[in-house]
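Structure at a glance
The lines below spell out each chain.
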Amino acid sequence: MHTLALFDDEAPLPDQPLGPQAVVLRAFARPQVDALLPCIDAIAAVSPFRRMVTPGGFTMSVALTNCGALGWTTDRRGYRYAAVDPLTGRPWPAMPELLSRLAQDAAEAAGFVGFRPDACLVNRYEPGARLTLHQDKDEQDYGAPIVSVSLGMAARFLFGGLERAQPTQKVALQHGDVVVWGGSDRLRYHGVMPLQGDAHPLLGLQRINLTFRQAG
Ligand code: SIN
Ligand code: FE2
């Protein structure tokens with residue numbers, strides 16, 4: 001089991017299984033956080049956060065950008081991965097080694113060796129922003145897990161079953177927590193309830209989520 005003490009006088013936070021091949025690695029990204037935030041600013045300086053339109057014509061409440069060889073996008077024509085940012089007409093910024101390594105280490109800690117992410121979706125939630133229940137299924141192959149890093153304000157993450165109507169677990173995700181799901185849990189429905197609560201000391205009134213995938 002992965003454990004990490006945040007402070008010497010604090011008990012380590014135990015990992016929290018969400019399924020046979022799904023787990024919350026509590027505070028796993030904490031040691032990297034100071035270095036992660038400037039990486040996110042650098043990515044957004046090249047490919048800014050923007051609110052995209054779904055195929056159904058709704059503007060998402062979550063603003064997003066990407067780094068890596070492939071970036072997840074949506075417009076009226078559908079969801080897809082693309083090598084070029086539709087906003088800038090240029091490739092997405094490269095995935096910083098720090099991010100790639102963090103994702104690989106988290107995957108391995110959850111039991112998935114050999115994870116090599118080629119896409120990192122960066123989601124930005126402001127108060128009220130939410131993500132409805134969905135499956136991550138735009139990737140070529142479901143053999144690789146999803147690695148999801150939470151930063152900033154706490155989220156109420158929903159983790160459901162393989163069918164949309166199945167009950168969901170509600171999981172509080174804090175700054176530095178990492179969720180990994182793969183294998184038999186790879187296509188579990190998940191979502192995020194509307195963001196609410198107190199401003200975060202480092203990030204203010206926002207939550208940033210990094211979702212790493214092997215997309216191509
Ligand atoms: C996602 O499903 O793409 C993001 C999940 C999250 O923000 O925690
Ligand atoms: Fe997702």
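For the structure itself, consult the block above.
To keep things clear, this report deals only with the structure shown in the data block.

Things to note about the environment of Arg164
Along the chain, the position of Arg164 falls in the loop between β9 (155-159) and β10 (169-173). For Arg164 and Arg188, which are 24 residues apart along the polypeptide, the C-alpha to C-alpha distance reads 8.6 Å. Non-local contacts of Arg164, meaning those with residues more than four positions away in its chain, are made with Leu133 and Tyr189. Separated by 2.8 Å, the side chain of Arg164 and the backbone oxygen of Leu133 make a polar contact.

Quick notes on the packing of helix α1 (residues 33-46) against helix α2 (residues 97-109)
Taken N-terminus to C-terminus, the directions of α1 and α2 make an angle of 125°; their axes are 10 Å apart at the nearest point. Considered as vectors, α1 and α2 are oriented oblique to each other. In this structure, α1 crosses over α2, and the sense of that crossing is left-handed. Across from Ala35, Leu36, Cys39 and Ile43 in α1, the residues of α2 making contact are Leu98, Leu99 and Leu102. Considering only residue class, the contact of α1 with α2 consists of 7 nonpolar, no polar and no charged.

Re the site of ligand 1
Near ligand 1, the surroundings consist of Asn123, Tyr125, Leu131, His134, Ser148, Phe157, His190, Val192, Arg207, Asn209, Thr211 and Arg213. One of the side-chain nitrogen or oxygen atoms of His134 is found 3.1 Å away from an oxygen atom of ligand 1. With respect to ligand 1, the side chain of His190 contributes an N or O atom lying 3.0 Å from an oxygen atom. Considered on its own, ligand 1 offers 260 Å² of accessible surface; in the complex 98% of this is hidden by protein. With 4 residues, strand β13 (residues 207-213) is the single largest residue contributor to the shell around ligand 1.

Description of the packing of aromatic side chains
As enumerated under the stated definition, the model contains 4 aromatic pairs in all. Between Trp72 and Tyr79, the aromatic rings sit 5.5 Å apart at their centres with planes inclined by 25°, giving stacked as the arrangement. Here a set of aromatic residues connected by ring pairs shows up, and it is made of Phe157, Phe159 and Trp181. The positively charged end of Arg207 is found above the aromatic ring belonging to Tyr125, 5.0 Å away from the centroid.

Notes on the nonpolar core
Formed by 34 residues in total, the largest nonpolar core has its most connected members in Leu99, Val147, Leu151, Val178, Leu210 and Phe212. Residue assignment for this core shows that the elements contributing at least two residues are β2 (22-25), α1, β3 (63-67), α2, β6 (119-125), β8 (146-152), β11 (178-181) and β13. In terms of residues, this core owes the most to one element, α1, which gives 7 residues. The residues touching Leu210, leaving out its near neighbours within four places in the chain, are Ile40, Leu99, Cys120, Leu121, Val122, Val147, Ser148, Val149 and Leu151. If you look at the next biggest cluster of nonpolar residues, it comprises 26 residues, including Leu18, Leu70, Ile146 and Val192.

Reading guide: rules and limits
Residues numbered from 1 in each chain as written. Chains lettered and ligands numbered in written order. Predicted model: local features only at pLDDT ≥ 70, side-chain atom pairs only at ≥ 80, totals over all residues. Heavy atoms only, no water. Helix = DSSP H or I, 4+ residues; strand = E, 2+ residues; numbered from the N terminus. Contact = heavy atoms within 4.5 Å. Polar contact = N/O pair within 3.5 Å; in protein donor to acceptor, adjacent residues only side chain to side chain. Axes fitted to C-alpha atoms, helices over the stretch in contact; angles between N-to-C directions. Parallel < 35°, antiparallel > 145°, perpendicular 65-115°, else oblique. Left-handed = near helix turned anticlockwise from the far one by under 90°. Nonpolar A, V, L, I, M, F, W, Y, C, P; charged D, E, K, R; others polar. Near = heavy atom within 4 Å. Areas by Shrake-Rupley, 256 points an atom, 1.4 Å probe, with all protein chains shown as cover. Phe/Tyr/Trp six-rings, centres within 6.5 Å; stacked < 30°, edge-to-face > 60°. Lys NZ or Arg CZ within 6 Å of the ring centre and 35° of its normal. Core = buried A, V, L, I, M, F, W, Y, C linked by side-chain atoms within 4.5 Å. Buried < 20%, exposed > 50% of the residue type's maximum accessible area, 1.4 Å probe, protein only.

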